[in-house]
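Survey of secondary and tertiary structure
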Amino acid sequence: MKNLFEFAEAFFRQVDVEEKLALTHRAWQTYIDGELTITSERPVLPIDRVTFPDKPVLLAPRQMPRRKLTTPDGVAAFFHAIAHVEFVAIYLAWDILYRFRAMPEQFYQDWLRVADEEAQHFALIRAHMLTMQIDYGDLPAHSGLWDHAKDTADDLPGRLAMVPRCMEARGLDVTPGLIEKFRALGDDASVAILTRILEDEVGHVELGSYWFKFVCEQQGFEVEAKYRDLIDQYYIGGKPKGPFNRELRKIAGFSDAEIDWLEC
Ligand SMILES: [Fe+2]
Ligand SMILES: [Fe+2]
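Residues numbered from 1 in each chain as written. Chains lettered and ligands numbered in written order. Predicted model: local features only at pLDDT ≥ 70, side-chain atom pairs only at ≥ 80, totals over all residues.

Moving on, we get to the nonpolar core. Counting residues in hydrophobic clusters, the biggest one holds 67 residues, and the most contacted among them are Ile-90, Ala-93, Trp-94, Leu-97, Trp-111 and Leu-112. With 16 residues, helix H3 (residues 72-99) is the largest single contributor of residues to this core. Discounting residues that sit within four places of it in the chain, Trp-111 has contacts with Ala-93, Ile-96 and Leu-97. (Core = buried A, V, L, I, M, F, W, Y, C linked by C-beta atoms within 7 Å. Buried ≥ 20, exposed ≤ 12 C-beta atoms within 10 Å, placed from the backbone. Helix = DSSP H or I, 4+ residues; strand = E, 2+ residues; numbered from the N terminus. Contact = placed C-beta atoms within 7 Å.)

A separate point is unusual backbone geometry. Omega for the bond connecting Lys-55 with Pro-56 falls within 30 degrees of zero, at 5°, which places this linkage in the cis form. Here Pro-56 lies in the loop between helix H2 (17-32) and strand E1 (58-59). Positive phi is not limited to glycine here, since Ala-102 has a value of about 60°. Locating Ala-102 in the fold gives a position in the loop between H3 and helix H4 (105-130). Of note, Gln-133 is a non-glycine position whose phi angle comes to about 60°, a positive value. Relative to the assigned elements, Gln-133 resides in the loop between H4 and strand E2 (141-142). By the C-beta count within 10 Å, which is 9 here, Gln-133 ends up exposed.

Time to look at the UniProt feature "transmembrane region" (unreviewed entry) in the protein. The UniProt record annotates "transmembrane region" (unreviewed entry) at residues 74-94. With 100% helix and 0% strand, residues 74-94 has end C-alpha atoms that lie 31 Å from one another. (UniProt positions renumbered as here; feature names shortened; annotations may be inferred.)

At a closest axis distance of 8 Å, the pairing of helix H6 (residues 156-184) and helix H7 (residues 188-219) adopts a crossing angle of 160°. One way to sum up the angle between H6 and H7 is to call them roughly antiparallel. Judged by the sense of rotation from one axis to the other, the crossing of H6 with H7 is left-handed. (Axes fitted to C-alpha atoms, helices over the stretch in contact; angles between N-to-C directions. Parallel < 35°, antiparallel > 145°, perpendicular 65-115°, else oblique. Left-handed = near helix turned anticlockwise from the far one by under 90°.)

Here's what the structure looks like:
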């Protein structure tokens, strides 16, 4: 297989988690080797054709059990939740590059690299969980993450606003505090993994900002006004709740005006 969109469809069809990771790494390696083709005459499959493994069982956010980092079970449940975020993030990277065609080649390269990094994040967390005698799928997971993809399946500015510039950006706000908590608990392994993930995630949000500005300019929208409109349109409950990490968000391409609007 040498075509990016065939790789994407194979990823979406595949039900085995290990195979999904392997396909993602193989696609990126094929790109590195200069052998990946990124044009296709085949129609884009509807988003409801994307399949998820049978496990974890997906629950509405309010049905999810609460977890405390002060107990071993709580830490295991926390990492299970993070594993699920990373697992869905692999899908989200594949889906943005699969669904939105006729973008510059750099767009496909960027999101394929993100898919590969998300697969690495997932594998890191999964290996960490296995040391706690828990595997991905052993607990229920949050069903809401993929909804943003379904809501924006026909709207590239909406996808970029809601996924990298909203959902992933929340990671920049909350992860530094989590790293401090694990540091205080003396859990160096968790600190190392979360630090590595945070560094990559700043890059993912930055790509989201870059491509958001690109499509706004291409489609004649004013960037900051369009961002506000899209959050109003797609974010259930008004706006994401802070506190927001201004320093990391600015590195990742948010303007002060955008952060001020989120905060008010
Ligand atoms: Fe990630
Ligand atoms: Fe990410």
